[in-house]
Amino acid sequence: MHRFSLLSIVHDNLRAVTRSVTLLDVAAVVVAAWALLASLRAARPRTFKATKLRGPPRTNFVFGAAKQILETQDPGDIYEAWAKEYGVVYQVPTTLGGKQVVLTDPRALAHYYARETWTYVQTDTTKLFTERNFGRGMLWAEGDEHKRQRKLLAPALGHAAMRNLTPIFYNCAHKAKSAWEAMIDASGGDSSVIDVQKWMNRVSLDCLGLAEFSYDFGSLEGKPASITEVLDTFDSFPKRSTVTICLMLLSRVFTLLSYAPRHTSRLFHEMQSITEDISTELFVRTKKEKAEGVLDGKEDKSIIGVLVKANDSDSLTREEVVAQMKGLLFAGYETMSVSMTWALLELARNPDMQNKLRQELLAFGEEPTYDQLQHSLPYLDAVVHETLRVHPPVTDRLRMAAEDDVIPLSEPVVTQSGEVVNSVSVTRGTRIVLPISCVNRSTEIWGADAKAFRPERWLEEDGISKKAQEIQAYRHILSFTDGAKTCIGKYFAIAEFKVVMSVLVKNFVLEMRDGSDTQVELAMGMIMPKPRIVGEQKTEVPLRIRLYEG
């Protein structure tokens, strides 16, 4: 039986079960599970003792503080408040008596990232979700397997490859520009209200399709496609239900509960099927074109070309090739659309910054090349990286220690017993939290104005504090993470981001539709929080767009 057919059967059976259980049944199961977990923890050999860290109290009998964290779309402020009270490393009570250790210390983070995929790995629940939806590609892999797959893909996502892909980014950006001009013209006035998040979704999807796989989804031209329908539907569920949150938290303890039906289960299944079909079609087509000499014997440097070459040399199986394609599409789509939407929002809220960026672009004149985008437009660079610092698409990550470890600290913490320690011992199985948005916006690390969107900090001599410079990740921010699993597509993301901003800001004036007092909130997208104007449906970000006339 096909694996996904088996998953469907499990899903249907669990749905039937959930319809028949009572609240008393659930309570009995929770109590029994808690007792079992407590017994297993007590029976575990204690040859290596974990440091007993301080942390917030258990605010929920079953879920500890984990429910509070998950119900908050961006828990960065919560993590930072706890760090100020309990120290740069602390523990948080979680589901059924569990705990997780939170790292906000630069030296502790550097130690963690140096050992990721070996000492620190994905939790069972995360790994299961990744395999079910994207296969055993690079997102799923750990250790030497991850290193092997990453090495094969790296040439297609380096600086040399980006120089060839930049014209594709410009092509997509100009399609959005033309569409916006047509909407303004059709309005009969000098402006139009446009949902910029919807358009950044389209730009991101088409850039990925054309640049990575030579496949045109056609979303910028309004072509109907099953994948755009599914992706748009995810935005129809902007808030997780209480049942979904409880299932997510319990599944971190009991992995089988990951199969329990949720309101997005059908959408993920549809997306998996669609991306499987598209990836397989592209793979077969490219193999055929290569065999027929359509590529004229030239070595194809695109991602699909690199993957086919790896398959021809038996470095990757067909299943692994398809998994890489699905994983890259998933990893790149929402992260980029969210980041570009935030940038447009911040520029609309800060017209002086918007004008400063526009003047830099106009003064430069011609459309910059890839290398010029990286080195010749400092304020564009500052806007892009300030957006990524203040609004990282992924707000936090949960991992697990695969073995006992001692984590060094740059400053001491006080334990539960009052002892002052300069390192923290964690035992195998300990959950580790990387609070990305907290570290990116920490006033202890970035200074008193850490929460403010201020691109100028990237241009000032002392704009990046010494403490921030201790963060060893790319540009001292954790938005692309670090270590062995640092985002392989970060050069792709930065290039696309800069191209799209350069075209749109140079040609349009962005304004908050309802004035400077407009409130922005967070709502759930497919897998991560998205900005939304308060009062709007789904994840809509309507801005008033005017043509720039000089």
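Residues numbered from 1 in each chain as written. Predicted model: local features only at pLDDT ≥ 70, side-chain atom pairs only at ≥ 80, totals over all residues. Heavy atoms only, no water.

Enquirer: I tried to follow the overall build of the chain on my own but got confused; where do I start?
Expert: When helices and strands are counted, the chain shows 21 helices and 12 strands. Out of the 550 residues in the chain, the part that is buried amounts to 54%. Long-range pairs, those at least 24 residues apart, make up 74% of the contacts in the chain with a sequence separation of at least 6. If you sum the accessible surface of the chain, you get close to 24000 Å²; carbon and sulfur atoms cover 53% of it. (Helix = DSSP H or I, 4+ residues; strand = E, 2+ residues; numbered from the N terminus. Buried < 20%, exposed > 50% of the residue type's maximum accessible area, 1.4 Å probe, protein only. Contact = heavy atoms within 4.5 Å. Areas by Shrake-Rupley, 256 points an atom, 1.4 Å probe, with all protein chains shown as cover.)

Enquirer: I'm lost on the sheet that holds strand β4 (residues 191–195) in this one. Help?
Expert: Pairing within the open sheet is antiparallel, and its 3 strands lie in the order β4-β12-β9. Only two strands of the sheet have a single partner each, and these edge strands are β4 and β9 (508–512). Direction aside, neighbouring strands of the sheet carry axes that sit 35 degrees apart on average. Relative to strand β12 (residues 542–547), β4 runs antiparallel, the two sharing 5 bridges. Bridge pairing links Ser 191 to Arg 546 in β12. Contacts between helix α9 (residues 196–213) and the sheet are confined to β4 and β12, with β4 contributing the most and set at about 65 degrees to the helix. (Pairing = 2+ DSSP bridges. Axes fitted to C-alpha atoms, helices over the stretch in contact; angles between N-to-C directions.)

Enquirer: Looking at this model, I keep getting lost on the packing of helix α17 (residues 378–390) against helix α21 (residues 490–507). Mind explaining?
Expert: When two helices pack together, their arrangement is given by the angle between the helix axes and the distance between those axes. Where α17 meets α21, the axes come as close as 10 Å, and the angle between the chain directions of the two elements is 120 degrees. Judged by the angle between their axes, α17 and α21 are oblique. As α17 runs across α21, the sense of the crossing is right-handed. Counted together, Leu 380, Asp 381, Val 384, His 385, Thr 387 and Leu 388 of α17 and Ile 494, Phe 497, Lys 498, Met 501 and Ser 502 of α21 form the full contact between these two elements. Tallied by class, residues from the contact of α17 with α21 come to 6 nonpolar, 3 polar and 2 charged. (Parallel < 35°, antiparallel > 145°, perpendicular 65-115°, else oblique. Left-handed = near helix turned anticlockwise from the far one by under 90°. Nonpolar A, V, L, I, M, F, W, Y, C, P; charged D, E, K, R; others polar.)

Enquirer: Teacher, can you tell me more about helix α4 (residues 76–86) here?
Expert: Two residues of an α-helix separated by three or four positions point the same way, owing to the 3.6 residues in each turn. Those residues of α4 lying buried are Gly 76, Ile 78, Tyr 79, Glu 80, Trp 82, Ala 83 and Tyr 86. In this structure, the buried residues of α4 make contact with α3 (66–71), β1 (89–93), β2 (99–103), β8 (431–434), α18 (436–440) and α19 (443–446).

Enquirer: How should I be thinking about the packing of aromatic side chains in this particular structure?
Expert: The geometry of an aromatic ring pair comes down to the distance between the two centres and the angle between the two planes. Tallying each qualifying case throughout the model produces 12 aromatic pairs. Note on Phe 129 and Phe 134: the rings are 6.2 Å apart at their centroids and 75 degrees apart in plane angle, and the pair reads as edge-to-face. Judged by its relative accessible area of 26%, Phe 129 falls in the partly exposed class. Of the residues examined, Phe 134 reaches a relative accessible area of 3% and is grouped as buried. Following the ring pairs from residue to residue traces out a cluster consisting of Phe 129, Phe 134, Phe 268 and Phe 330. Residue placement shows Lys 127 over the ring face of Trp 140; its charged tip is 4.5 Å from the ring centre. The ring of Trp 446 has Arg 389 lying over it, and the distance from NZ or CZ to the ring centre is 5.1 Å. (Phe/Tyr/Trp six-rings, centres within 6.5 Å; stacked < 30°, edge-to-face > 60°. Lys NZ or Arg CZ within 6 Å of the ring centre and 35° of its normal.)

Enquirer: Is there a simple way to think about empty space enclosed by the protein in this case?
Expert: If you roll a probe as big as a water molecule over the atoms, it shows you where there is empty space left. Throughout the structure, instances matching the rule amount to 4 cavities of 30 Å³ or more. Reported here for the largest cavity is a volume of approximately 70 Å³. Lining the largest cavity are Phe 134, Leu 205, Ile 227, Leu 231, Met 271, Thr 275, Lys 326, Leu 329, Phe 330, Tyr 333 and Met 526. Mapped onto the lining of the largest cavity, the elements with two or more residues apiece are α10 (226–234), α12 (265–291) and α14 (318–349). If you tally residues by element for the lining of the largest cavity, the top one is α14, at 4 residues. Split by residue class, the lining of the largest cavity holds 9 nonpolar, 1 polar and 1 charged. (1 Å grid on protein atoms, 1.4 Å probe; cavity = no way out; pocket = protein on both sides within 12 Å on 5 of 7 lines; lining within 4 Å. Points joined across faces, edges and corners; volume = space filled by probe spheres on them.)

Geometry only, nothing functional implied.
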